[in-house]
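Here are the chains, one letter per residue:
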Amino acid sequence: MPASLPGHLLIQAGNRGAVGSELCTHPRSYLISFHHSGAHVIQQTSVMKTILAAYSGVLKGTGSSILSALQNRPLAFWPCQSKMEKHLQVISVLQWVISFLALGAACTVLLIYMFWTDCWLIAALYTAWLIVDWNTPKQGGRRSSWVRSWTVWTYFRDYFPIRLIKTHDLLPSRNYIFGYHPHGIFSFGAFCNFGTEATGFSKKFPGIKPSLATLAGNFRMPVLRDYLMSGGICPVNRNSIDYLLSCNGIGNAVVIVVGGAAESLHCAPGMNCVTLKNRKGFVRLALQKGSDLVPVYSFGENDAYKQVIFEEGTSWRYMQKKLQKILGFAPCLFHGCGLFFGNSWGIVPYSKPITTIVGEPITVPKIENPTEEMVDLYHSMYVKSLQCLFDKFKTRFGLKESDILHIQ
């Protein structure tokens, strides 16, 4: 036993003439660690007996190989696979959080820095292309089925996990506006379900092409804009949505997180509150384009992070609202769990289930200049449909029958 490996047994399966030709085909090393807790000692003793018996059988010509003997062990011997999957899930979620928070700013700084280095030509070419491509996000973007189907998104989905539930069929001959609720901190459910194919949106709703709308400022950032567009994500502005619902054919579904930044200030575990009472612009747009309205609610979206919620009238709340108007998003004071220890604080979200329910579509007529009464009518229909959707599914996903959806 090497001095550098105390408390371990190293068994080398390699070119040992007496062992036989079969072992030569598996030049592997098996490192068995002996722990001093009772359960691990029993397990490791059993493993050692398996290895020694197999080794003896090979020498006598009656056994198969140490590798085969180990592969026939119960799966409990291989704990690394589940741990590795969990690590991959954490990494997949963390890369998205960091990308959303810092990728755009980091690439902007890097692009400027490159102009002062020997790589200035690369920076100049990219900047020229950026200018030429500036209006692409407003014209349907540049989605990539390959990026939307990356394996990393399945790990992202399984971390929480995230599910997509279909309640009604959607006709490919119509266009739709999905109202997504609640916002949460990062809208993980909205991104996973409508910005990727991890939950099988295209299979559940054949012929429908979703486009998740987010802050227009993100599309002014180099690299980040291309990353977002590849998932079919578009700016949440009039020009972009008009193009998708008027100039991009049929079967389009624009997903709008209706509550926006204001709603994110109220999200916390156990809260069922949406900002909708005075949000009527998406209804007016649906009437002008003749696009059907579809309420969408994600149970568990608010459970991903814990947030410090400041009372109305305090200086902290005033500062949040002021920055929201300037930046376009609300700076929230939130935390999840740590990267290495689950009971520590960090930016990794809690692995709480998120279930997204796509409700029944509300048929909307095309009226180029709808009156306020018409907008109010369809807005009230939408609010009622969302409340019914919440009440129908709330007890299936951990809520009480007495829980209600607060609309503000």
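For the structure, check the block above.
Cut-offs and rules
Residues numbered from 1 in each chain as written. Predicted model: local features only at pLDDT ≥ 70, side-chain atom pairs only at ≥ 80, totals over all residues. Heavy atoms only, no water. 1 Å grid on protein atoms, 1.4 Å probe; cavity = no way out; pocket = protein on both sides within 12 Å on 5 of 7 lines; lining within 4 Å. Points joined across faces, edges and corners; volume = space filled by probe spheres on them. Helix = DSSP H or I, 4+ residues; strand = E, 2+ residues; numbered from the N terminus. Nonpolar A, V, L, I, M, F, W, Y, C, P; charged D, E, K, R; others polar. Pairing = 2+ DSSP bridges. Buried < 20%, exposed > 50% of the residue type's maximum accessible area, 1.4 Å probe, protein only. Polar contact = N/O pair within 3.5 Å; in protein donor to acceptor, adjacent residues only side chain to side chain. Contact = heavy atoms within 4.5 Å. Axes fitted to C-alpha atoms, helices over the stretch in contact; angles between N-to-C directions.

Draft legend 1. Here's a closer look at empty space enclosed by the protein. For the coordinates displayed, the defined rule picks out one cavity of 30 Å³ or more. If you add up the space inside the largest cavity, you get close to 50 Å³. If you go around the largest cavity, the residues you meet are W96, V147, R148, W153, F191, G195, T196, Y227, L228, S230, G231 and I233. When residues of the lining of the largest cavity are traced back to their parent elements, those giving at least two are α6 (145-148) and α10 (224-230). Looking at the lining of the largest cavity, its residues break down into seven nonpolar, four polar and one charged.

Draft legend 2. Looking closely at the sheet that holds strand β11 (residues 334-337). Read from one edge of the open sheet, three strands run β10-β11-β12, paired in antiparallel fashion. At either margin of the open sheet sits one strand with a lone partner, and together these are β10 (306-307) and β12 (345-346). Judged from the two bridges that link them, β11 and β12 form a sheet pairing that is antiparallel. Paired with G336 across the bridge in β12 is G346.

Draft legend 3. Region of the structure containing the side chain of H379. With respect to the secondary-structure elements, H379 resides in helix α15 (residues 372-393). Judged by relative accessible area, which is 6%, H379 ranks as buried. A polar side-chain atom of H379 sits 3.2 Å from the main-chain carbonyl oxygen of R279.

Draft legend 4. Inspection of the pairing of strand β4 (residues 176-181) at higher detail. Counting buried residues in β4 gives six out of six residues, a clear majority hidden from the surface. In terms of strand pairing, β4 meets strand β7 (residues 252-257) through five bridges, oriented parallel. Bridge assignment links Y180 to a residue of β7, and that residue is V257.

Draft legend 5. Seen up close, the sheet that holds β4. With respect to topology, seven strands assemble into an open sheet ordered β3-β13-β9-β4-β7-β5-β6, the strand pairing being mixed. Each edge of the open sheet carries a strand with a single partner, namely β3 (162-166) and β6 (234-235). Pairing between strand β5 (residues 209-214) and β7: five bridges, direction parallel. Opposite K209, over in β7, you have N252 as the bridge partner. The sheet strands contacting α15 are β4, β9 (292-299) and β13 (354-358), and the helix crosses β9 at an angle near 35°.

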